[in-house]
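Summary of the model geometry
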Amino acid sequence: LEFQPILDLKSNKISGFEALTRIDSDKLGRITPLEFIPIAEKTKLIIPIGERILKYSLDFLKHLNNLGYREIKVSINISAIQLMEKDFVRNTLKIIEEMKVAHKNIILEITESVFATNYEEINDIINKLRRFGVLVAIDDFGVGYSSLARVTELNVDFIKIDKFFINKFLEIGPEKSRIGDIISMSHKIGQIVTAEGVEYESQKEYLAKNGCDKIQGYLISKPVEKEAAIKLLKEYNK
Ligand code: C2E
Ligand code: CA
Ligand code: CA
């Protein structure tokens, strides 16, 4: 796993990390999750792999706790296949308890497209997790083809505005950008907003001006290994 920092725009401090998985193969070199996650989903290997990713991510969280960082959150991507697995909620809660980390420091990221199908079932699973204090984020918000009515009805803690809008901003500029509207809509229903794929200062400025809560992207840092992530934390959160 690599970890990418998420910067809080109000405090200008790192408030969390997203765990992103990779395979380093002797034969093939680095393989990105965009290549192997779909295969792992098709073969259902995502279930044991996902469990390892969860454990490894929580181990990182525990390590941060031991270093005295008690408020930093770790975000973990969960695929639909994992979420729909019969024992997902029970297993996840069991692992969290075994690892002795705080539920409130764990964010499960679920892509918006998942809600287009199985809305009721997924919503039910999310509610169960949230009852125990685990946080939930809608990932890739705005490009998932799900109904706006339904997505805004979901009880989630965070929305992550897809890179698409952040890229588009560079092309169309602040007047025509819809990002500000997405932020105010989300704030109205009590969600915390993270913008993804922030690469330029101009994007950060616009986002800060429009009340975006957090940003993630190469402007702050690429995903990095555990030790480098801790180094970033020490730099930003002095
Ligand atoms: P995602 O969850 O939307 O993750 C963000 C992706 O954008 C990551 O790609 C990240 O490296 C990349 N990124 C971050 N900042 C920037 C930026 O400023 N510019 C650009 N161009 N890209 C940026 P990555 O690591 O290749 O992951 C791709 C996707 O694979 C993720 O998209 C996620 O859907 C999936 N994935 C990654 N790790 C896991 C995992 O542990 N489990 C599952 N189920 N899916 C995962
Ligand atoms: Ca994600
Ligand atoms: Ca995303």
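Figured I'd write up the structure that's included with this text.

The rules behind each value
Residues numbered from 1 in each chain as written. Chains lettered and ligands numbered in written order. Predicted model: local features only at pLDDT ≥ 70, side-chain atom pairs only at ≥ 80, totals over all residues. Heavy atoms only, no water. 1 Å grid on protein atoms, 1.4 Å probe; cavity = no way out; pocket = protein on both sides within 12 Å on 5 of 7 lines; lining within 4 Å. Points joined across faces, edges and corners; volume = space filled by probe spheres on them. Helix = DSSP H or I, 4+ residues; strand = E, 2+ residues; numbered from the N terminus. Nonpolar A, V, L, I, M, F, W, Y, C, P; charged D, E, K, R; others polar. Near = heavy atom within 4 Å. Polar contact = N/O pair within 3.5 Å; in protein donor to acceptor, adjacent residues only side chain to side chain. Sits in = over half its atoms within 2 Å of the grid points. Core = buried A, V, L, I, M, F, W, Y, C linked by side-chain atoms within 4.5 Å. Buried < 20%, exposed > 50% of the residue type's maximum accessible area, 1.4 Å probe, protein only. Contact = heavy atoms within 4.5 Å. Salt bridge = Lys/Arg side-chain N within 4 Å of Asp/Glu carboxyl O. Donors = N, O, S within 2.8 Å, 3.2 Å for Na, K, Ca; no water. Expected span 1.5 Å × (residues − 1). Arc of directions from axis to C-beta.

1. Some thoughts on the layout of surface pockets
Considered as a void within the structure, the largest pocket measures approximately 1,100 Å³ in volume. Lining the largest pocket are 36 residues; nearest its centre among them are E18, L20, P33, L34 and N77. Every element with two or more residues in the lining of the largest pocket is listed here: strand 1 (2-8), strand 2 (13-20), helix 1 (33-42), helix 2 (46-66), helix 3 (80-83), strand 6 (106-111) and strand 7 (135-141). Ranked by residue count, the leading element in the lining of the largest pocket is helix 1, at five residues. Residue composition of the lining of the largest pocket, by class: 14 nonpolar, ten polar and twelve charged. Of the volumes computed, that of the second largest pocket is approximately 270 Å³. The element that contributes the greatest number of residues to the lining of the second largest pocket is helix 2, accounting for four residues.

2. Topic: the site of ligand 1
In the vicinity of ligand 1 lie 22 residues, with Q4, R22, K163, E199 and Y218 positioned nearest. At a separation of 3.0 Å, a nitrogen atom of ligand 1 approaches a polar side-chain atom of Q4. Between Y218 and ligand 1, the recorded distance is 2.8 Å, taken from a backbone N or O atom to an oxygen atom. Here ligand 1 occupies the largest pocket. Per-element tally for the shell around ligand 1: the top contributor is helix 1, with three residues. Residues that form the shell around ligand 1 fall into these classes: eight nonpolar, seven polar and seven charged.

3. Thoughts on the nonpolar core
Residues L58 and L207 are the most contacted members of the largest nonpolar core, which totals 63 residues. Other than its neighbours up to four places away in sequence, L58 contacts I76, I95, I96, M99, V101 and I106. Counting five residues, the second-largest nonpolar core is a separate cluster that includes I31, F36, I37 and I46.

4. Some points on the pattern of salt bridges
The full count for this structure, using the stated rule, is 18 salt bridges. E2 is the partner of R22 in a salt bridge, and the nearest nitrogen-oxygen pair spans 2.8 Å. Taken together, the residues R22 in the loop between strand 2 and strand 3 (23-25) and E2 in strand 1 connect sequence positions 20 residues apart. E2 sits in the buried class, given a relative accessible area of 12%. We note a salt bridge from K104 to E71, for which the minimum N-O separation is 3.5 Å. Note that K104 is positioned in the loop between helix 4 (88-99) and strand 6 and E71 in the loop between helix 2 and strand 5 (73-77), a separation of 33 residues in sequence. K104 sits in the partly exposed class, given a relative accessible area of 39%.

5. Considerations on the side chain of Q191
Tracing the chain through its elements places Q191 in the loop between helix 9 (179-188) and strand 9 (192-195). Take Q191: its relative accessible area is 5%, and that puts it in the buried class. The contacts of Q191, once residues within four sequence positions are left out, are L154, V156, D157, I159, S186 and D213.

6. Here we look at the coordination of the calcium ion (ligand 2)
Protein coordination of the calcium ion (ligand 2) is provided by E18 (OE), N77 (OD1), E109 (OE) and D139 (OD), with donor distances spanning 2.2 to 2.3 Å. Within one chain, the residues serving as donors to the calcium ion (ligand 2) are arranged as E-x58-N-x31-E-x29-D. The calcium ion (ligand 3) is placed at 4.1 Å from the calcium ion (ligand 2), the two being bridged by D139. With N77 in strand 5 and E109 in strand 6, this residue pair connects regions lying 32 residues apart in the sequence. Residue classification places N77 among the partly exposed positions, given a relative accessible area of 28%.

7. Here's the deal with helix 4
Along an α-helix, a turn takes 3.6 residues, which lines up residues three or four apart on a common side. Spanning twelve residues, helix 4 covers 16 Å between terminal C-alpha atoms, matching the ideal 16 Å at 1.5 Å per step. Taken together, the buried positions of helix 4 are occupied by F88, V89, T92, L93, I95, I96 and M99. The buried residues of helix 4 occupy an angular sector of 160 degrees when projected down its axis, which confines them to one face. In helix 4, the exposed residues that point more than 90 degrees away from the buried face are R90, K94 and E97. At its buried positions, helix 4 is contacted by helix 2, helix 3, strand 6 and helix 6 (119-131).

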